[in-house]
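# Examination of the molecular architecture
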Amino acid sequence: MYTKREVIQQAYAELGIASYEFDISPEEMQAGLRLLDLQMAEWNIHGIRISYQAGDDVADQAGVPDWAVNALYLALAIRLAPSFGKTPSAETKAAKAAAYRTLMAKMVIPQAVVPVGYGGAGYRYPALRAGASLIETGPDGTLDIEAE
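Below you will find a few notes about this structure. Computed from a predicted structure; not experimentally measured. (Residues numbered from 1 in each chain as written. Predicted model: local features only at pLDDT ≥ 70, side-chain atom pairs only at ≥ 80, totals over all residues. Heavy atoms only, no water.)

### Remarks on helix α1 (residues 4–14)
This is how the line gets drawn: In this scheme, a residue with accessible area under 20% of its type's maximum is buried, one over 50% is exposed, and one in between is partly exposed, where area comes from a 1.4 Å probe on protein chains only. Helix and strand definitions here come from DSSP, where helices need a minimum of 4 consecutive H or I residues and strands a minimum of 2 consecutive E residues; each element is numbered from the N-terminal end. What the arc covers is the set of directions going from the helix axis to the C-beta atoms. Throughout, a contact is declared for two residues whenever any of their heavy atoms are within 4.5 Å.
Buried residues of α1: Lys 4, Val 7, Ile 8, Ala 11 and Tyr 12, and no others. One face of α1 carries all of its buried residues, which in axial projection span an arc of 135°. For α1, the elements touching its buried residues are α2 (26–45) and α3 (66–80). Looking one or two places after α1, you find Gly 16, whose phi comes out positive at around 85°.

### Points about the pattern of salt bridges
Pairs can form between side chains of opposite charge whenever their charged atoms are close. Heads up, the condition is: For this document, the term salt bridge refers to a Lys or Arg side-chain nitrogen within 4 Å of an Asp or Glu carboxyl oxygen.
A full pass over the atoms with the stated rule returns 1 salt bridge. Glu 42 is the partner of Arg 79 in a salt bridge, and the nearest nitrogen-oxygen pair spans 3.1 Å. Within this pair, whereas Arg 79 is found in helix α3, its partner Glu 42 is found in helix α2, the two being separated by 37 residues in sequence. Glu 42 gets classed as partly exposed once you look at its relative accessible area, which sits at 35%.

### Digging into the packing of aromatic side chains
Rules: By convention, a stacked pair of Phe, Tyr or Trp rings (six-membered ring in the case of Trp) has centres within 6.5 Å and planes under 30 degrees apart, an edge-to-face pair has planes over 60 apart, and any other such pair is tilted. Only lysine NZ and arginine CZ atoms are considered, and such an atom sits over a ring when it is within 6 Å of the ring centre and within 35 degrees of the ring normal.
Scanning all chains against the criterion turns up 2 aromatic pairs. When the ring of Tyr 12 is compared with that of Phe 84, the centres are 5.4 Å apart and the planes differ by 90°; the resulting orientation is edge-to-face. Of the two residues, Tyr 12 is situated in helix α1 and Phe 84 in the loop between α3 and α4 (90–107); the sequence distance between them amounts to 72 residues. The lysine or arginine in question, Lys 96, covers the ring of Tyr 100, its NZ or CZ lying 5.2 Å from the ring centre. Sitting over the ring of Trp 67, Lys 106 keeps its end group 5.4 Å from the ring centre.

### So, the nonpolar core
To keep it simple, the criterion reads: Take the buried Ala, Val, Leu, Ile, Met, Phe, Trp, Tyr and Cys residues and link them wherever side-chain atoms come within 4.5 Å; each set so joined is a nonpolar core.
Of all hydrophobic cores here, the largest spans 32 residues; its most connected members are Ile 8, Leu 36, Trp 43, Ile 50 and Val 64. When residues of this core are traced back to their parent elements, those giving at least two are α1, α2, α3 and α4. When residues in this core are grouped by element, the largest group, 10 residues, is from α3. If we ignore the near neighbours within four places in the chain, the residues touching Trp 43 are Ile 48, Ile 50, Ala 71, Leu 72, Ala 75, Tyr 100 and Leu 103.

### Regarding the side chain of Arg 49
Inclusion rule: Polar contacts, as used here, are pairs of N or O atoms within 3.5 Å; protein pairs need one atom able to donate a hydrogen and one able to accept it. Residues neighboring in sequence count only if both atoms are side-chain atoms.
Within the secondary structure layout, Arg 49 lies in strand β1 (residues 48–49). Among the polar contacts made by the side chain of Arg 49, one reaches the side chain of Asn 44 at a distance of 2.8 Å.

### Concerning the environment of Glu 6
As for its placement among the helices and strands, Glu 6 is situated in helix α1. Along the primary structure Glu 6 and Ala 59 are separated by 53 residues, whereas in three dimensions their C-alpha atoms are 8.6 Å apart.

### Observations regarding the packing of α1 against α3
Put simply, the rule reads: Each axis is a line fitted through C-alpha atoms, and for a helix only the stretch in contact is used; angles between axes span 0 to 180 degrees, taken between their N-to-C directions. Oblique is the label for every angle not falling under 35 degrees (roughly parallel), over 145 degrees (roughly antiparallel), or within 65 to 115 degrees (roughly perpendicular). Definitions for this section: a left-handed crossing has its near helix turned counterclockwise from the far helix by less than a right angle. A right-handed crossing has that turn clockwise.
Where α1 meets α3, the axes come as close as 8 Å, and the angle between the chain directions of the two elements is 55°. On the basis of their axis angle, the class for α1 and α3 is oblique. The interaxial crossing formed by α1 with α3 has right-handed handedness. Note on element contacts: α3 touches α1 through Val 69, Leu 72, Tyr 73, Leu 74, Leu 76, Ala 77 and Leu 80, opposite Val 7, Ile 8, Gln 10, Ala 11, Tyr 12 and Glu 14.

### Examining α2
Note the following rule: Between the first and last residue of a helix there are one fewer steps than residues, each counted as 1.5 Å, and that sum is the expected span.
With 20 residues, α2 should cover 28 Å at 1.5 Å per step; its first-to-last C-alpha distance of 29 Å lies within 8% of that length. Where α2 is buried, its residues touch α1, β1, α3 and α4. A positive phi of about 85° marks Gly 47, the residue just after α2.

Okay, here's the thing in structure tokens:
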């Protein structure tokens, strides 16, 4: 499991602002944490729930499964870039898009096909609802489905 500090440091490293070359100030770390929290709130609104645990301490666990960390830090790097006068490279943008697609593919559960209405020969199927609309994963990557 990754800490928020590790995710933020990896985002800075993606922009070429690595902690082994430059000291990331506490203010820059807090700015990264604020953007990370905002990003996760936005993802949450869009139904992307990957168990991120918001909070004010960068030493806390992020709470996200390992398969989501790549998309998390790449998206954060793209959000951080303008505040340093940097433009993310084409490779970073492509990697972020690929990681986001992978994240979304992991989040999808195929909906069951449920016949509703007339079934032929006088049989009428009951009106059934299938699947769930919101998907949430736990820290181990298992799915918890919230019913509508």
